[in-house]
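Structural overview for review
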Amino acid sequence: MRKIFIILTTAIIAACSTNSPLQTASTIEGERITATFNDTTTLYFKIIGENEVALTWDNSDGKNYNSSTRYLHKGKLVIPSIVKADNREFRVTSIDDYALYQQRQLSIITLPDGIKQIGTKAFSGCDKAASINIPEGVTTLDEEAFSRCKRITDITLPESIESIGKYSFRNCVSVHSVSLGKRIKIIPEGTFFGCASLKEIILPHNIESIGTEAFSGCLSLKNIELPATIDSLSDGVFAMCESLETVTLPDGIKTIPMDIFNRCGSLKEIKIPVGVKRIDSWAFERCTSLANVSLNEGLEEIGEGAFAGCTSLSRISLPKSIKSIESLAFGVCGAIKEIEILGNKAFDIAPDGALPQKPARIYVTRGCIDQFQFKPVWKELLIIEKR
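Cut-offs applied
- Residues numbered from 1 in each chain as written.
- Predicted model: local features only at pLDDT ≥ 70, side-chain atom pairs only at ≥ 80, totals over all residues.
- Heavy atoms only, no water.
- Helix = DSSP H or I, 4+ residues; strand = E, 2+ residues; numbered from the N terminus.
- Rg over C-alpha atoms; globule rule 2.2 N^0.38 Å.
- Buried < 20%, exposed > 50% of the residue type's maximum accessible area, 1.4 Å probe, protein only.
- Contact = heavy atoms within 4.5 Å.
- Areas by Shrake-Rupley, 256 points an atom, 1.4 Å probe, with all protein chains shown as cover.
- Lys, Arg positive; Asp, Glu negative; His and termini not counted.
- Charge placed at Lys NZ, Arg CZ, Asp CG, Glu CD.
- Pairing = 2+ DSSP bridges.
- Salt bridge = Lys/Arg side-chain N within 4 Å of Asp/Glu carboxyl O.
- Phe/Tyr/Trp six-rings, centres within 6.5 Å; stacked < 30°, edge-to-face > 60°.
- Core = buried A, V, L, I, M, F, W, Y, C linked by side-chain atoms within 4.5 Å.
- Disulfide = S-S within 2.5 Å.
- pLDDT = per-residue confidence, 0-100.

Quick look at the overall build of the protein
- When helices and strands are counted, the protein shows one helix and 32 strands.
- Taking 2.2 N^0.38 as the reference for a compact globule, 387 residues should give roughly 21 Å; the C-alpha atoms of the protein span a radius of gyration of 27 Å, well beyond that estimate.
- The principal-axis extent of the C-alpha atoms belonging to the protein is close to 95 × 35 × 35 Å.
- The buried share of the protein, reckoned over its 387 residues, is 51%.
- Sequence-distant contacts, at least 24 apart, represent 35% of the contacts inside the protein between residues at least 6 apart.
- Taken as a whole, the protein presents about 17200 Å² of accessible surface, with 46% of it coming from carbon and sulfur.
- Treating the 44 positive side-chain charges of the protein as one cloud and the 46 negative ones as another, the clouds have centres 5 Å apart.

Brief notes about the sheet that holds strand E20 (residues 232–233)
- Across the sheet, which stays open at both edges, the three strands sit in the order E16-E18-E20 with parallel pairing between neighbours. Bordering the open sheet on either side are strand E16 (186–187) and E20, each of which pairs with just one other strand.
- Pairing geometry for strand E18 (residues 209–210) and E20, over two bridges, is parallel. From the neighbouring strand, isoleucine 210 faces E20, where its bridge partner is leucine 233.

A short note on the pattern of salt bridges
- Per the stated rule, a full pass over the model turns up 15 salt bridges.
- Between glutamate 52 and arginine 91 there is a salt bridge; the shortest N-O distance is 3.2 Å. One end of the pair, glutamate 52, is in strand E5 (residues 52–56); the other, arginine 91, is in strand E8 (residues 88–95), and 39 residues separate them in sequence.
- With its nearest N and O atoms 3.9 Å apart, the salt bridge here joins lysine 323 to glutamate 300. Of this pair, lysine 323 sits in the loop between strand E27 (315–318) and strand E28 (324–325) while glutamate 300 is found in the loop between strand E25 (292–294) and strand E26 (301–302), placing the two residues 23 residues apart along the sequence.
- The exposure class of glutamate 300 is partly exposed, given its relative accessible area of 22%.
- Counted as one network, the salt bridges with shared partners bring together Arg278, Asp280, Glu301 and Glu326.

Points about the sheet that holds strand E22 (residues 255–256)
- If you walk across this open sheet you meet the five strands as E22-E24-E26-E28-E30, and the pairing is parallel. The open sheet has two free edges, formed respectively by E22 and strand E30 (348–349), since each of these has just one partner strand.

As for the packing of aromatic side chains
- Inspection of the entire model under this criterion finds 14 aromatic pairs.
- Seen from their ring centres, phenylalanine 37 and phenylalanine 45 are 6.5 Å apart, and the 70 degrees between their planes marks the pair as edge-to-face. One exposure class covers both phenylalanine 37 and phenylalanine 45, and it is buried.
- An aromatic cluster of at least three residues, connected via ring pairs, comprises Phe123, Phe146, Phe169, Phe192, Phe215, Phe238, Phe261, Phe284, Phe307 and Phe330.

Here's the deal with the side chain of threonine 56
- Its location among the elements puts threonine 56 in strand E5.
- Judged by its relative accessible area of 4%, threonine 56 falls in the buried class.
- Those residues in contact with threonine 56, other than ones at most four positions away along the chain, are Arg32, Tyr44, Phe45, Lys46, Asp96 and Ala99.

What to know about the nonpolar core
- One finds Phe123, Phe215, Phe261, Phe284 and Phe307 to be the most contacted residues of the largest nonpolar core, which totals 111 residues.
- Here phenylalanine 284 is in contact with Ile256, Phe261, Leu267, Ile270, Ile272, Ile279, Leu290, Ala306, Phe307, Ala308 and Cys310, once residues within four sequence places are set aside.

Some words on the state of the cysteines
- Here the structure, examined in full by the defined rule, presents zero disulfides.
- Looking at the unpaired cysteine 264, the closest cysteine sulfur is the one in cysteine 241, lying at 5.2 Å.
- For cysteine 264, a relative accessible area of 0% translates into the label buried.

Description of the confidence of the model for the protein
- For the protein, the mean per-residue pLDDT works out to 90, and 92% of the residues sit at or above 70.
- In the predicted structure, residues 1–18 sits below a pLDDT of 50 and forms 56 contacts with residues beyond four places in sequence or in another chain.

Describing the environment of glutamine 103
- Within the fold, glutamine 103 resides in the loop between E8 and strand E9 (106–110).
- Linking glutamine 103 and cysteine 126, residues 23 residues apart in sequence, is a C-alpha distance of 5.2 Å.

With respect to the pairing of E5
- Within E5, four of the five residues are buried, which leaves it mostly tucked inside the rest of the structure.
- Of the strand pairs in this sheet, strand E4 (residues 41–49) and E5 are connected by five bridges, and their pairing is antiparallel. Each bridged residue has a counterpart across the sheet, and for phenylalanine 45 the counterpart in E5 is leucine 55.
- Across four bridges, the pairing between E5 and E8 is parallel. Looking at the pairing, glutamate 52 lines up with arginine 91 of E8.

Side note on the side chain of serine 324
- Tracing the backbone through its elements, the reader meets serine 324 in strand E28.
- By relative accessible area, which is 17% here, serine 324 ends up buried.
- Among residues more than four places away in sequence, those in contact with serine 324 are Glu300, Glu301, Ile302 and Asp348.

Structure representation (structure tokens):
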């Protein structure tokens, strides 16, 4: 079975039981074990089953996980697979919430085989770590498990991973590539928020949904392939992805969410899938390179500011299905010179910048101009009958 790692620099550390540290002392109090390894390293464990323990944080003398006087590790840390105490052996199967929270002097962290769960903020703020591996067998990463690990460069999650928590890799600013296991179906809120160096991510073909701001602030991401299995995207998923040039939206989505591509200044074109009925507010605001927008037949609503500030748009074609366009939908789109309306009846438009004012020309179907030019708001626009 091949080993799968999170690599923080060029170093790769194999997680094998054979390199477990030598335990030299231990004490047990209630449900907690304090153990010393190689006569120099003290680790703390919480009993979570008959023969199982979780690595936890130092709570001696009333300390908490963020105490300024807690035990601080330095350099290389190898987590053992077995802990002995009171003539018993315990398997290490979990990393507790906050276990190594903000251990800023660690350079390499090695986890043993047998770990199943990595808890909330377990390694958050380990910003100098040179390597942290995730062994095959881990099924769950909890919220912010690796957030603010600033030296991570590559993330490859093992095939055993079934779920990852919100903001698991938030502000891992050096990450440039990500590969996710095939069992993951949901990418939750903020998972890769602020991963400014991320250039490439491979999504498995069974992903069903992507949460709010999951990739927001991934400034280096140039393209992404969204699997056809996705039926739900949330607000701001790709907001402020300044380098994003191309993306193909899956056919299963029904709404383009709020802020989804807000300030994606390199995005050049977008095709709205056939099943979409609404483009929500500010979805493409300030996409200043967006020059080609293909709106689907079936689209009914364009929300407030949806394309505001798209200064490269010169032409737009509105499908027959459109029922309403909200305020500022095409506000500050000064390059638009032509709007084609495919339907033969006027629809609801807000009075404040829903469509560009003159000199933009609005072309309507021959014989239908009376349906538009005498209607409130419409009469302020330059409406021309198609030849």
